[in-house]
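Okay, here's what each chain looks like letter by letter:
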Amino acid sequence: MRNERHDERLSGEELELFLQYLHRFANHDLDLFALMQVGDPEYPAYVTFTREPEASVDRSAYRRP
């Protein structure tokens with residue numbers, strides 16, 4: 001499933017679905033880590049999902065949506 005509306009912000013409903021899918025991904029598909037490159041190919045965002053926080057970041061800095 002691909003949505004070609006890359007130049008539009010997510011609606012509130014889409015953001016809620018994204019967060020639900022993200023929680024499902026973390027609970028069922030994430031083993032130790034996942035590395036992704038997403039967004040505009042010329043200005044990508046690099047995303048790292050891990051089971052542990054970054055060593056130099058206090059756990060309280062992480063926000064739980």
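No experiment lies behind these values; they were computed from the predicted model shown.

Criteria and cut-off values
Residues numbered from 1 in each chain as written. Predicted model: local features only at pLDDT ≥ 70, side-chain atom pairs only at ≥ 80, totals over all residues. Heavy atoms only, no water. Helix = DSSP H or I, 4+ residues; strand = E, 2+ residues; numbered from the N terminus. Rg over C-alpha atoms; globule rule 2.2 N^0.38 Å. Contact = heavy atoms within 4.5 Å. Areas by Shrake-Rupley, 256 points an atom, 1.4 Å probe, with all protein chains shown as cover. Lys, Arg positive; Asp, Glu negative; His and termini not counted. Charge placed at Lys NZ, Arg CZ, Asp CG, Glu CD. Pairing = 2+ DSSP bridges.

Enquirer: Describe the overall build of the protein, listing the residues and the values that go with them.
Expert: Within the protein, the secondary structure is distributed over 1 helix and 2 strands. On C-alpha atoms alone, the protein measures out to a radius of gyration of 14 Å, which is more than a quarter above the 11 Å that the 2.2 N^0.38 rule sets for 65 residues. Expressed as lengths along the three principal axes of its C-alpha atoms, the size of the protein is roughly 35 × 30 × 25 Å. Nonlocal contacts in the protein, meaning residues at least 24 apart in sequence, comprise 15% of its contacts between residues at least 6 apart. Surface accessibility of the protein: about 6600 Å² in total, with carbon and sulfur atoms responsible for 52%. Taking the 8 positively charged and 13 negatively charged side chains of the protein as two groups, their mean positions are separated by 6 Å.

Enquirer: If you had to explain the pairing of strand β2 (residues 45–50) to someone new, which residues and values would you point to?
Expert: Bridge count between strand β1 (residues 33–38) and β2: 6 bridges; the pairing is antiparallel. Counted as the bridge partner of Ala34 is Phe49 from β2. Remark: 6 residues form the turn of the hairpin made by β1 and β2, two consecutive strands paired antiparallel; Gly39 in that turn has positive phi of roughly 90°.

Enquirer: I'd like a description of the environment of Phe49, backed by residues and values.
Expert: Along the chain, Phe49 turns up in strand β2. Along the primary structure Phe49 and Gly12 are separated by 37 residues, whereas in three dimensions their C-alpha atoms are 23 Å apart. Not counting chain neighbours up to four residues away, the residues in contact with Phe49 comprise Leu22, Phe25, Leu30, Leu32, Phe33, Ala34 and Met36.

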